[in-house]
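Observations on chain architecture
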Amino acid sequence: MRTTEQLTRIFGQEAADRVSTARLLVVGAGGIGCELLKDLSMSGFQHIEAVDLDTIDLSNLNRQFLFQRRHIKRPKAEVAIQAIRDFNPGIDAHARQANIKEPTFDVDWFAQFDLVLNALDNLDARRHVNAMCLAAHVPLIESGTAGYLGQVTVIGDGTECFECQPKAAERKTFPICTIRSTPSAPIHCIVWAKNYLFAQLFGERLDEDEDMAAEADADNMEELEQLREESRALANLADAMGSPEFARVVFDKVFSSDIARLLSMPDMWEHRQPPTQLHYDEMEATSSDASTSPATHTALSMADAFALFKHTAARLAQRLTSGDAGALAFDKDDDDALHFVAATASLRSYVFGIEQTSIFETKAMAGNIIPAIATTNAVVAGMMVTQAIMVVSGQLPRCHTAYVAYNSKRSRCVLSEPLAAPNPRCSVCRRRYLTLRVADLSRTTLGDVVDYLHMLAETENSLHLGEDISVVEGSRILYDLDFEDNMPKSLEELGLGRGKMITVAREDFEDDLPIAATIPVVLSIAGPQAADDSPDLDIEGFELIPEFAPLPPPVADETAPDADQLHFADDDVAVVVGDSDDEYAPLGHEENVDNISDELAKRKLCDFGARYESPVKRRAVATDDETTISD
Amino acid sequence: MSQQNGVISKEEETLYDRQIRLWGMEAQNRLRKSSILFIGVKTVTLEACKNLVLGGIGRLSIYDPQPITNLDLETQYYFNESHVGQPKDKVLAEKLAVLNPLVDIRAVSSLDIAGVDLVVNIGHSTGGWRQKGVKSMLADAFGLFGYIFVDCLDAHEYIEEGRVRDAKTGESEVVRSSKVAAYKSFEESVAAKVSGGNAVRLARKYSPLVFVCQALATMDEQVPDGELSQFIKTALAQRDLPPGFVGDELVSRVEASWGTEFVPSASVVGATLAQEALKIITLKDMPANNWFTYDGLVSEGITCTL
């Protein structure tokens, strides 16, 4: 065990003692996680648990320094924990290769920690851990980096939670007609190639493509129906897989007959450049050797794109027909899949007269790659651990929200501001969190829970529930006065396992109701306290329900979401990036910071995937001008 | 294995993918042909070197024949009991080699600067680099604090990229421009006359910590315990600063931190040092001109010209 004489000198004996006994959870053992685990294990922390689902990849090794080539494909959490055991033998450190959203990690599990540190790469998991920490009353240190930019903040009693400021969706959606009929930018062609063509031919066929927001109105009903027909026809082509004609039938369909159909609608091209129909035989006459080693940093020529398309279509078809896999999922690190998408996106760009992108650029767009470097992660992790020491030694109010900026002209490259107070209208932290203990999830019905709540409301003054209540999980309505279908169903049948949260809200509002009565109650589902004589159902945590101040009148600001919107805010806006393996969610794409002079506003921020709006209304703008691909 | 010659391989491209997407292939190519010399091994050295090796510099030379002590083991995570008494540079070079087999890492027995692009002194300056025409940095991290001084000589040429938006089309494009920056020598900086008037105006230009760090960087020999505050105050008195500009609270916190190492702050300073070194080597973006100071208690890192 490493001694901590120097730590004691800096922070004092009491803080050093608290550090040595504190139990920490680290969620994520990637870019920030590796730095974090190193700093924690070398700063006197002795009880650490790390959770990460991921395995190690070559492209991680430029920053995730606890991993080496020999660890590729091994679980990140396990290798990282072994590495810090080597740094500090005797440390009580454990790894779990798991998704933090698994039911095992319920409110009781979270409650065993004194502090949780997030080193995550997606909004969905960040939201989940935020809610679990609120439910378990455990402070949370949240972090993120994107290229040169980074951010750290501390969430605890009396501070803003992760959801207090609205977050922009991580992933952009496109109108279905733009993708399928009238593309005008490279990204439209890439989305088409990846989410439509690749998915329909080789993937799990989807009726509704989640990337495309199908917005039906009177004007485009007919076109949407045509597109549906087109999708079905394409999916049927998959039957030709394995035949030597496969590439030809696919090509004829998507680059020839589908284009001919579009050209037959002159209205569509009145104000747009009409597409150019391609012909397989003409393309066949061109020659290229791009099929084996295509240039990655320059745009594919039409001949190269055609050759690469034929080659990869055949290879993917062969993999599907000969392998056990029923479907392929797009993976940016799978060269066949990436090259197929790059080639077909390129061909489509030629058809529509759109600027070409290289395979390198296509990979970033299709794979949602966020640049990541060791240095930013190290700065962020260092700040997190300093704040962790302050939190466990009882000094949370002295912590900061801190930002890492990058600009040679700016005087502050690491800057901070005091933690903000909670947004009184936050739909997540301005809730009363209780624990719902259920002995047998397959026996207890939703009706049992509702009855129990009504019964409790009569005796438990702080519950304040009236006759008319609603029960929801995220945006799913489970029960209200007009919807009793789920009452006889067990929690298990309803998918309400451990770790899930349901929100109970009073629906009969009267003017003179005490403020606490109008605040919904969130019940975190957990197992029984003791196995033997525990009741079937129990609700705990009334003593932890905070006193709520009356809600201030709404601010005349259109950015402040109103209470109605907030009610089911959870899942409505969350679009999760599934395949990014990086530390951060993407930044916004503002390009115009030149005319903002205030330094705090001008600083580059990345707010966990959204533009950050500080509580004092200093509007900060996230830009991506230095994260531009420049070669 | 060395990567100093030839073009970037497919494997390197995959390994460095996430950073090439940030600083570009040209910068990565400069990086892989670069050579950096570090003098002095402390926790901040581990941190800075670790980041540079991960990023894929060409050659890293380390000089510090001092033996590893028991106190070093508290924070210098690459060292363990079995290394106590061994030369710091030798053990560190061995440990770092595991991180990236493409980088040529060596412990050196003399301060030979043939082919070296950048010299980094940790703790105190061994001096004379400017006269030899070599760019240099001086850095230290102690307790919660740290500083970096950058000397890129009289004319450091670099490329800056910015997006310019076409007013008509609304489309933006990346524009590269060549620029030149002049840097002061350490001696000039320490003797520089501070202008700016009262404390409020001065605070816009300088962090109070930078004057404290300058004083520490010029310290010739170890100040006895309990006398550091006085030493700093005496040095500050010669700078003609407005009264109260450097608060007593800051000076006493610095005294408490002096002589200690704290990994989280060393990590912040070491990473900033590595990033500035990358700017110097890749000739992309202006390296900090010329001081950076960090205070971990308030999470503040400030650059200023002095």
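Residues numbered from 1 in each chain as written. Chains lettered and ligands numbered in written order. Predicted model: local features only at pLDDT ≥ 70, side-chain atom pairs only at ≥ 80, totals over all residues.

1. Digging into the overall build of chain A
Using the following cut-off: Here a helix means four or more residues in a row that DSSP labels H or I, a strand means two or more in a row labelled E, and each is numbered from the N terminus. C-beta atoms are placed from the backbone for every residue, and two residues are taken to be in contact when these atoms lie within 7 Å.
Helix and strand counts for chain A come out as 19 helices and 16 strands. Long-range pairs, those at least 24 residues apart, make up 71% of the contacts in chain A with a sequence separation of at least 6.

2. Details of the confidence of the model for chain A
All names here are of chain A. This is how it is decided: Per-residue confidence from the prediction method is given by pLDDT, with values spanning 0 to 100.
Of all residues in chain A, 80% have pLDDT values of 70 or greater, and the mean over the chain is 81. Taken as a whole, residues 208-213 scores under 50 in pLDDT and shows 13 contacts with residues more than four places along the chain or in a different chain. Segment residues 557-631: pLDDT under 50, and 177 contacts once partners within four positions in sequence are set aside and those in other chains are kept.

3. A closer look at the domain arrangement of chain A
For clarity, the cut-off: Here the bounds of each domain stem from an automatic or database domain assignment.
Split into domains, chain A comes out as domain 1 (11-169 + 371-418), domain 2 (174-367) and domain 3 (432-547). Centre-to-centre separation of domain 1 of chain A and domain 2 of chain A, based on C-alpha positions: 40 Å.

4. A short note on the domain arrangement of chain B
All names here are of chain B. To keep things clear, this is the line we draw: Amino acids outside the nonpolar list (Ala, Val, Leu, Ile, Met, Phe, Trp, Tyr, Cys, Pro) and the charged list (Asp, Glu, Lys, Arg) are all regarded as polar, and Gly is one of them.
When the domains of chain B are assigned, the result is domain 1 (10-154 + 262-304) and domain 2 (186-257). The straight-line distance from the C-alpha centre of domain 1 to that of domain 2 is 25 Å. Contact with domain 1, which involves 16 residues of that partner, is made by 13 residues of domain 2. Looking at the side of domain 1 that touches domain 2, the elements with two or more residues in it are β5 (135-142), β6 (145-151), β9 (291-295) and β10 (300-304). It is β6 that provides the largest number of residues to the side of domain 1 that touches domain 2, a total of four residues. Class assignment for the residues of the side of domain 1 that touches domain 2 results in 10 nonpolar, four polar and two charged.

5. Some points on the sheet that holds strand β13 (residues 476-479) of chain A
Residues and elements named next belong to chain A. Using the following cut-off: Here the rule is simple: two strands pair whenever DSSP picks up at least two bridges between them. Inter-axis angles, ranging from 0 to 180 degrees, are taken between N-to-C directions of lines fitted to C-alpha atoms, where helices are fitted over the stretch in contact.
Strand order in the open sheet made by the six strands is β13-β12-β14-β15-β11-β16, with mixed pairing throughout. The open sheet has two edge strands, β13 and β16 (537-540), and neither has a second partner. On average, adjacent strands in this sheet sit at an angle of 30 degrees to one another, irrespective of strand direction. Pairing geometry for strand β14 (residues 501-506) and strand β15 (residues 521-526), over four bridges, is antiparallel.

6. Notes on the interface of chain A and chain B
With 54 residues of chain A in contact, the opposing surface of chain B contributes 57 residues. Of all the elements in the fold, those that place two or more residues in the side of chain A that touches chain B are α1 (5-11), α3 (31-41), α15 (374-392), β9 (400-404) and β10 (412-418) of chain A. No other element matches the nine residues that α15 of chain A contributes to the side of chain A that touches chain B. Bridging between β10 of chain A and β10 of chain B involves two bridges; their strand directions are antiparallel. Among the inter-strand pairings, V414 of chain A is bridged to a residue of β10 of chain B, identified as G301 of chain B.

7. Regarding helix α16 (residues 446-459) of chain A
Residues and elements named next belong to chain A. Condition: By this rule the span expected of a helix is its residue count minus one, scaled by 1.5 Å. Working definition of burial: number of other C-beta atoms within 10 Å of the residue's own, with buried at 20 or more, exposed at 12 or fewer, and partly exposed in between, all C-beta atoms being placed from the backbone. Along the arc lie the directions from the helix axis toward the C-beta atoms.
In this model, α16 (14 residues) spans 20 Å end to end at C-alpha, consistent with the 20 Å of a helix rising 1.5 Å per residue. Looking at α16, one finds that the buried residues are L446, V449 and L453. Taken around the axis of α16, the buried residues stretch over an arc of 55 degrees, which confines them to a single face. The exposed residues of α16 that point more than 90 degrees off its buried face are M455, E458 and T459.

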